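# Secondary and tertiary structure notes
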Amino acid sequence: MGLDETTRQLQLALHDAQVAFDCIGLGHLDRAHTHVITARAALDAAEATLRHALDELSPAAAAREGAQVMDALEGQEAGR
């Protein structure tokens, strides 16, 4: 379990939060509620993976892994 999984979970939470926001604007409160719940679950998963990284990674290893994750994200964005 690495920081890449933490980042993935945060991206999922962000997406679900945006969908919930949009659903509220459209008056679809049941769908909004569902997406808020899934956003919360993704945030909980992100917190768990980050806690694991805090326990397992040295500051130097965290910096290296964090840089790798950011480079991968930038590569994904460039490919879009």
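What counts and what doesn't
Residues numbered from 1 in each chain as written. Predicted model: local features only at pLDDT ≥ 70, side-chain atom pairs only at ≥ 80, totals over all residues. Heavy atoms only, no water. Helix = DSSP H or I, 4+ residues; strand = E, 2+ residues; numbered from the N terminus. Expected span 1.5 Å × (residues − 1). Buried < 20%, exposed > 50% of the residue type's maximum accessible area, 1.4 Å probe, protein only. Contact = heavy atoms within 4.5 Å. Axes fitted to C-alpha atoms, helices over the stretch in contact; angles between N-to-C directions. Parallel < 35°, antiparallel > 145°, perpendicular 65-115°, else oblique. Left-handed = near helix turned anticlockwise from the far one by under 90°. Nonpolar A, V, L, I, M, F, W, Y, C, P; charged D, E, K, R; others polar. pLDDT = per-residue confidence, 0-100. Polar contact = N/O pair within 3.5 Å; in protein donor to acceptor, adjacent residues only side chain to side chain.

## Things to note about helix α1 (residues 3-26)
Between its first and last C-alpha atoms α1 spans 35 Å; for 24 residues at 1.5 Å apiece the expected length is 34 Å, and the two agree. All buried positions along α1 are accounted for by Leu3, Thr6, Thr7, Gln9, Ala13, Asp16, Val19, Ala20 and Cys23. For α1, the elements touching its buried residues are α2 (29-56) and α3 (59-78). At the exit of α1 stands Gly27, carrying a positive phi of roughly 80°.

## A look at the packing of α1 against α3
Between two packed helices, the angle of one axis relative to the other and the distance separating the axes together describe the packing. Where α1 contacts α3, the two axes come as close as 9 Å, and the packing angle between them is 50°. By the angle class used here, α1 and α3 are oblique. α1 and α3 meet at a crossing whose hand is right-handed. Between α1 and α3, the residues in contact are Leu3, Asp4, Thr7 and Gln11 and Ala62, Glu65, Gly66, Val69 and Leu73, respectively. Classifying every residue of the contact of α1 with α3 by side-chain character gives four nonpolar, three polar and two charged.

## A closer look at α2
For the α-helix, the turn length of 3.6 residues means that residues three or four positions removed from each other point alike. Between the first and last C-alpha of α2 there are 40 Å, a value that for 28 residues agrees with the 40 Å anticipated at 1.5 Å per step. All buried positions along α2 are accounted for by Ala32, His35, Ala39, Ala42, Ala46, Thr49 and Ala53. The secondary structure elements touched by the buried residues of α2 are α1.

## As for the confidence of the model for the protein chain
It should be kept in mind that the predicted coordinates are not to be read in detail where pLDDT is low. Here the protein chain shows a mean pLDDT of 93. Residues at 70 or above account for 99%. Across the protein chain, element-level confidence peaks in α1 with a mean pLDDT of 97 and bottoms out in α3 with 87.

## Brief notes about the side chain of Thr6
Tracing the sequence through the fold places Thr6 in helix α1. There is a polar contact of 2.6 Å between the side chain of Thr6 and the side chain of Thr49. Apart from residues no more than four positions distant in its own chain, Thr6 is found in contact with Ala46, Thr49 and Leu50.

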